[in-house]
Amino acid sequence: MELNLDFLRPQERLSLQLRQLYERAGFRQYHMSRFEEYGLYQQNRRFLSDEQVLSFTDLDGRLMALKPDVTLSIAKNAQVEQGSCGRFYYLENVYRPSQESHTFQEISQMGLECIGCLEEDTAAQVVSLAVSSLALTERDFVLELSHMGFVSGLMDAVGAPESSRLQLLRCIRDKNRHELRRCAAEAGLSPQGTEALCRLWVLNGPWETVVDAAEPLALNAAMGSALAELRALCAALEAQGQTGNLKLDLSLVNDMEYYNGLVFQGYLAGSPRAVLRGGQYDPLAEQFRPGARAIGYGLYLSELDRLSQPESGKTVMLNVALPKGRLGDKVYDLLAGVGYGCPESYSDTRKLVVENPAAGIRYFLVKPSDVAIYVEHGAADIGIVGKDILAESGADVYELLDTGLGKCRMCVAGPKDFTEDQSRTLRVATKFVNIAKRYYAAQGRDIDIIKLNGSIELAPILGLSDVIVDIVETGTTLRENDLKVLTEFMPISARFIANRASYQFKRPQIDKLLRRLTEVTES
């Protein structure tokens, strides 16, 4: 009698299907303890997605931790014979901090790892299983693939200093062209080197098209070798009929200390973020087995219970989060002028949602401070948000364009006669707590943060703080209250942002709107 699995939750049903898939592919299940010695994570914290770990002292006095990561435990503890390749799959819970809730959350993960002496077809098998895993969800999906060897080779070719590579990688990862140009200039890169980095964003699409376009741009052996590996891998997948949902994106990058070869991410329609992440991580494997290589991925089963229903209908609707107020009005007027207006203008109605199905556009009117949240969580595909709000929230989104609208600057300000006393802790009043912390941490300065929500300038006048960190546009309010700008440290303007998953499924529509917005803001 056939077992009916319809009563199971999506992640429960999928975990059973994945177990059967992995067992048939020759992988064996790896079971591990819920706890690990804290020292494992302390010594290898550079391989963790976040250094914060839940720890406790057990009855024997040992400092233990709830697992924040599965791969690290498998790399350390798995029994693999010399000269062979260990193939393992797992179904485990990990415990990581959540930026949204500011608490730790339990995450259900299922994935597989190949560790040891990798065979010639190992990478193709792992990526093939990643494609099959996503297909089992019965949702539209995209698996994007890249190679860290191509990006690191490009960094070498353009002469990027080691001290600047992390920041350059972040800009590439976020598709943040304007910030990349600034960082490249500060790092001393030539205009030609900067343009070579910017070209990574156009190397995106069907695998043959991307590899053919990238090969003339390979400036050294490392880049050529990475492209050859991608070509061979994708050809093997095509022979199995598995490239229909596969695309290459050579701007997909990750931590160079962790990944040294293939990297890939999987997206499902209805999920606001990647549900599968993986790649080749030889540096971690070598920590425990000299000369070992490793590749694998994790699928976040917890995300399956939060999938929204895909949009129905032939027209692809772009959901746009617009900030209420002058900035939102200006952006709406610009977009309406290039064909993205609505029959019912939002300025003439109390509705919070207005749309134009013929133009494929839907606008949400939200508080300026909430725009990045709506976009990051997938309620909106794209949005317009000030750089101050984006930097303060730390939202994980693509930052596609600096519109140049609403220009101002983030400053440290204080009394006209202020003299800093380095011998005591500096009292800083601000509503931008995270921005202020990062700014002073970079200087190694001890501060006390006083969080305020308005009338920040009052704080130093009444002796509540020594200085403030706030946005300054004209400086009139400061001058009228005998305050002055002490330091300017961040230019602020409105940025065009996109949800990472939406960009996978609605890229043609987003790019079209982006081109039109660029034309009107730069004219």
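The coordinates are above.
Residues numbered from 1 in each chain as written. Predicted model: local features only at pLDDT ≥ 70, side-chain atom pairs only at ≥ 80, totals over all residues. Heavy atoms only, no water.

**Q** Describe the sheet that holds strand β9 (residues 246-249), and please don't skip the residues or the numbers.
**A** Taken in spatial order, the nine strands line up as β1-β5-β6-β12-β11-β10-β7-β9-β8 in an open sheet, and their pairing is mixed. The outermost strands of the open sheet, each flanked by one partner alone, are β1 (28-29) and β8 (204-205). Pairing of strand β7 (residues 141-147) with strand β10 (residues 262-268), which is carried by seven bridges, proceeds in the antiparallel orientation. By the bridge assignment, H147 is partnered in β10 with L262. Here helix α5 (residues 148-158) sits on the sheet in contact with β7 and β10, set at roughly 40° to β7. (Pairing = 2+ DSSP bridges. Helix = DSSP H or I, 4+ residues; strand = E, 2+ residues; numbered from the N terminus. Contact = heavy atoms within 4.5 Å. Axes fitted to C-alpha atoms, helices over the stretch in contact; angles between N-to-C directions.)

**Q** Break down the sheet that holds strand β19 (residues 426-430) for me, citing the residues and quoting the values.
**A** The strand order β20-β19-β21-β18-β22 describes an open sheet built from five strands, whose pairing is mixed. Strand pairing shows two members of the sheet lacking a second neighbour, β20 (447-451) and β22 (483-492), which therefore form its edges. Between one strand axis and the next, the sheet turns through 30° on average, direction left out of account. Judged from the five bridges that link them, strand β18 (residues 408-415) and strand β21 (residues 467-472) form a sheet pairing that is antiparallel. Residue pairing across strands places R409 opposite V472, the latter belonging to β21. Helix α15 (residues 433-443) contacts β18, β19, β20, β21 and β22 of the sheet and is inclined by roughly 165° relative to β20.

**Q** Help me get a handle on the side chain of K175, residues and values and all.
**A** In this structure, K175 sits in the loop between α6 (162-173) and α7 (177-186). Only 3.1 Å separates the side chain of K175 from the side chain of D249, close enough to count as a polar contact. If near-sequence neighbours (up to four positions away) are discounted, K175 is found in contact with W201, D249, S251, Y398, E399, L400 and Y503. (Polar contact = N/O pair within 3.5 Å; in protein donor to acceptor, adjacent residues only side chain to side chain.)

**Q** How would you explain a nonpolar patch on the surface if you had to name every residue and give the values?
**A** Nonpolar side chains collect at one region of the surface, where L458, I461 and L462 lie side by side and expose about 300 Å² of accessible area between them. The residue L462 is located in the loop between α16 (458-461) and β21 in this model. (Patch = residues over 30% accessible without salt bridge, like charges linked within 9 Å, V, L, I, M, F, W, Y side chains within 5 Å. Areas by Shrake-Rupley, 256 points an atom, 1.4 Å probe, with all protein chains shown as cover. Salt bridge = Lys/Arg side-chain N within 4 Å of Asp/Glu carboxyl O.)

**Q** Lay out helix α1 (residues 10-24) with the relevant residues and their values.
**A** The terminal C-alpha atoms of α1 lie 21 Å apart, and with 15 residues this matches the ideal 21 Å at 1.5 Å per residue to within 8%. Taken residue by residue, α1 has Q11, L14, S15, L18 and Y22 as its buried positions. The buried side chains of α1 occupy one side of the element, clustering within an arc of 105° when seen end-on. Contacts from the buried residues of α1 go to β5 (85-97), β6 (104-116), α4 (122-135) and β12 (293-300). Note on α1: the residue one or two positions beyond its end, G26, has a positive phi of about 95°. (Expected span 1.5 Å × (residues − 1). Buried < 20%, exposed > 50% of the residue type's maximum accessible area, 1.4 Å probe, protein only. Arc of directions from axis to C-beta.)

**Q** Explain the packing of α5 against helix α10 (residues 221-239) to me, using residue names and the numbers behind them.
**A** Between α5 and α10, whose axes approach to 8 Å, the crossing angle comes to 165°. Taken together, α5 and α10 sit at an angle that is classed as roughly antiparallel. Remark: the crossing between α5 and α10 carries left-handed chirality. Of the residues in α10, those in contact with G149, F150, G153 and L154 of α5 are A222, M223, A226 and L227. (Parallel < 35°, antiparallel > 145°, perpendicular 65-115°, else oblique. Left-handed = near helix turned anticlockwise from the far one by under 90°.)

**Q** I'd like a rundown of the state of the cysteines, residues and numbers included.
**A** Across all of its chains, the model carries zero disulfides by this definition. No disulfide involves C117; its sulfur sits 7.6 Å from the nearest other cysteine sulfur, which is in C85. Looking at the unpaired C171, the closest cysteine sulfur is the one in C183, lying at 4.0 Å. (Disulfide = S-S within 2.5 Å.)

**Q** Just give me the short version of empty space enclosed by the protein, but keep the residues and values in it.
**A** One pass over the structure, following the stated rule, counts one cavity of 30 Å³ or more. Lining the largest cavity are F150, L154, A196, R199, L200, L203, L217, L219 and M223. (1 Å grid on protein atoms, 1.4 Å probe; cavity = no way out; pocket = protein on both sides within 12 Å on 5 of 7 lines; lining within 4 Å. Points joined across faces, edges and corners; volume = space filled by probe spheres on them.)

**Q** Give me the pairing of strand β15 (residues 361-366): which residues, what numbers.
**A** For a regular strand, side-chain orientation follows a simple rule: the groups alternate between the two sheet faces. With six of six residues buried, β15 lies mostly within the body of the structure. Here β15 shows two buried faces, one formed by I361, Y363 and L365 and the other by R362, F364 and V366. Note: strand β14 (residues 353-356) against β15, four bridges, orientation antiparallel. Bridging from a neighbouring strand, V353 pairs with F364 of β15. Where β14 hands over to β15, the hairpin turn is made up of four residues, of which G360 adopts a positive phi near 70°.

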